[in-house]
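Topology and contacts: notes
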Amino acid sequence: MLAQFRGHFLTCHGIRKQNEHLQLGNSLTSAAFQGSKADGRSDRRIIHRDYDILDKRKPVTALSAGEDRAMLLGLSMVLFSVMMYFVLGITILRSYTDRVWINETSCTIVNSSIVCDVNCSYSCGTECWRRSRYPCLQVYVSLNSSGKVVRLLHNEAAQEGNPECFYIPKCQKDYAALHTMIQNISERLKSQHTVQCFVDPTDRMDSAILMQIYSLVTVLHSLFWPTFTLIGGTIIIAMVKLNQSLSIMCERTSRIKR
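Now for a quick tour of the structure. (Residues numbered from 1 in each chain as written. Predicted model: local features only at pLDDT ≥ 70, side-chain atom pairs only at ≥ 80, totals over all residues. Heavy atoms only, no water.)

1. Quick look at the pattern of salt bridges
Enumeration according to the criterion identifies three salt bridges in this entry. We note a salt bridge from Asp200 to Arg204, for which the minimum N-O separation is 4.0 Å. (Salt bridge = Lys/Arg side-chain N within 4 Å of Asp/Glu carboxyl O.)

2. Looking at the state of the cysteines
Summed over all chains, the structure comprises four disulfides. With a sulfur-sulfur separation of 1.6 Å, Cys107 is cross-linked through a disulfide to Cys197. With Cys107 in strand β1 (residues 103-125) and Cys197 in strand β4 (residues 194-199), this residue pair connects regions lying 90 residues apart in the sequence. Residue Cys107 shares its accessibility class with Cys197, and that shared class is buried. One disulfide in the model links Cys136 with Cys165; its S-S distance is 2.0 Å. Residues Cys136 and Cys165 are joined through a disulfide that is left-handed, its torsion about the S-S bond being -115°. With a gap of 29 residues between them, Cys136 in strand β2 (residues 128-143) and Cys165 in the loop between α3 (156-161) and α4 (175-192) connect regions that are remote in the sequence. Judged on exposure class, the residue Cys136 and its partner Cys165 are both buried. In the protein chain, the bonded cysteines, taken in the order they occur along the sequence, pair up as 1-8, 2-7, 3-4, 5-6. (Disulfide = S-S within 2.5 Å. Helix = DSSP H or I, 4+ residues; strand = E, 2+ residues; numbered from the N terminus. Buried < 20%, exposed > 50% of the residue type's maximum accessible area, 1.4 Å probe, protein only.)

3. Section: the packing of aromatic side chains
All told, the structure shown has three aromatic pairs when counted by the stated rule. A centroid spacing of 5.1 Å and a plane angle of 75° characterise the contact between Phe224 and Trp225, whose relative ring orientation is edge-to-face. Looking at Phe224, the relative accessible area reads 46%, which means it is partly exposed. Aromatic side chains Phe224 and Phe228 sit 6.2 Å apart centroid to centroid with 20° between the ring planes, which places their arrangement in the stacked category. One end of the pair, Phe224, and the other, Phe228, are both in helix α5 (residues 216-257), four residues apart, so they sit about a helical turn from each other. Here the aromatic residues Phe224, Trp225 and Phe228 are joined through ring pairs into a cluster of three or more. The lysine or arginine in question, Arg133, covers the ring of Tyr175, its NZ or CZ lying 4.0 Å from the ring centre. (Phe/Tyr/Trp six-rings, centres within 6.5 Å; stacked < 30°, edge-to-face > 60°. Lys NZ or Arg CZ within 6 Å of the ring centre and 35° of its normal.)

4. Notes on the environment of Asp68
Looking at the element boundaries, Asp68 is found in helix α1 (residues 2-90). Among the residues examined, Asp68 registers a relative accessible area of 53% and is labelled exposed. The spatial distance from the C-alpha of Asp68 to the C-alpha of Val240 is 8.8 Å, given a sequence separation of 172 residues.

5. Focus: unusual backbone geometry
When glycine is set aside, most residues are seen to have a negative phi, and most peptide bonds are trans. Even without being a glycine, His193 presents a positive backbone phi close to 65°. Relative to the helices and strands, His193 resides in the loop between α4 and β4.

6. Some words on the nonpolar core
In this structure, Val139, Val141, Leu152, Phe166 and Cys197 are the most contacted members of the largest nonpolar core, which totals 16 residues. At the level of secondary structure, the elements contributing two or more residues to this core comprise β1, β2, β3 (149-153), α4 and β4. With four residues, β2 is the largest single contributor of residues to this core. Contacts of Phe166, omitting those with residues within four sequence positions, involve Leu137, Val139, Leu152, Leu153, His154, Ala158, Ile185, Leu189 and Leu210. (Core = buried A, V, L, I, M, F, W, Y, C linked by side-chain atoms within 4.5 Å. Contact = heavy atoms within 4.5 Å.)

7. Here's the deal with the side chain of Gln212
Mapped onto the elements, Gln212 comes out in the loop between β5 (207-209) and α5. A polar atom in the side chain of Gln212 sits 3.4 Å from the side chain of Arg99. Within the structure, Gln212 has its side chain in polar contact with the backbone oxygen of Trp101 (distance 2.7 Å). Discounting residues that sit within four places of it in the chain, Gln212 has contacts with Arg99, Trp101, Ile102, Glu156 and Phe198. (Polar contact = N/O pair within 3.5 Å; in protein donor to acceptor, adjacent residues only side chain to side chain.)

8. Concerning the environment of Asn119
Here Asn119 is to be found in strand β1. Under the relative-accessibility criterion, Asn119 is labelled exposed at 55%. For Asn119 and Pro135, which are 16 residues apart along the polypeptide, the C-alpha to C-alpha distance reads 9.1 Å. In this structure Asn119 touches Arg131, Ser132 and Arg133, once residues within four positions along its chain are discounted.

9. A few points about a nonpolar patch on the surface
Where nonpolar side chains cluster on the molecular surface, the patch consists of Phe86, Val87 and Ile90 and spans about 300 Å² of accessible area. In this structure, Ile90 sits in helix α1. A relative accessible area of 47% means that Ile90 is categorised as partly exposed. (Patch = residues over 30% accessible without salt bridge, like charges linked within 9 Å, V, L, I, M, F, W, Y side chains within 5 Å. Areas by Shrake-Rupley, 256 points an atom, 1.4 Å probe, with all protein chains shown as cover.)

Next up, the structure:
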């Protein structure tokens with residue numbers, strides 16, 4: 001009887017220990033599952049936060065690259081315009097300021113005739129030159145402002161090339177074509193009788209010219225594109241700076257609101 005009671009007590013005690021072990025195992029498994037679940041949530045939050053940071057940085061990086069390109073374009077345009085101003089200053093503007101025939105007046109054609117032939121040379125290939133000639137047209141006009149008779153030239157280039165001839169054509173092989181062209185110019189001048197010409201107000205030059213190579217209109221046309229490029233580059237740089245200032249102001253405002 002005592003042996004049976006003792007066996008029954010040991011059996012109950014073993015079952016109770018086994019239940020305690022099972023409950024402990026279940027609690028550990030549940031804690032581990034909850035811990036892994038919490039770790040997964042925290043990992044997902046970190047990943048999402050990283051993606052949010054990357055998404056926020058992408059527009060800023062693209063905006064900075066665009067601003068850099070725009071700034072480079074604006075500076076290049078300004079530099080190009082400055083170089084063009086320098087080139088025009090030593091060529092066209094210098095010739096415009098050094099011109100002599102500046103006063104415009106009315107001239108009456110007195111005589112227009114071909115007086116002689118002038119020798120010239122033309123290119124026939126690489127290091128090949130041949131001789132030819134062109135007719136020399138002399139034109140005399142009377143200045144209506146003073147009544148003085150002077151020689152009329154086509155432009156400033158004629159004064160530098162051959163001041164005895166009204167027009168210096170491009171030298172070529174066909175002399176007959178040059179003679180016909182010069183003859184047509186002479187007949188046209190005779191038919192006009194009165195033309196507008198430019199004279200030297202200081203009377204240092206005893207000639208007048210029919211056309212100005214470096215006139216005010218020519219100078220303005222040559223300065224148009226450099227000026228347009230300078231204004232465009234300045235506007236681009238100003239817009240980039242304005243965009244940067246607005247971005248900084250918006251960022252500061254958003255920080256204050258937070």
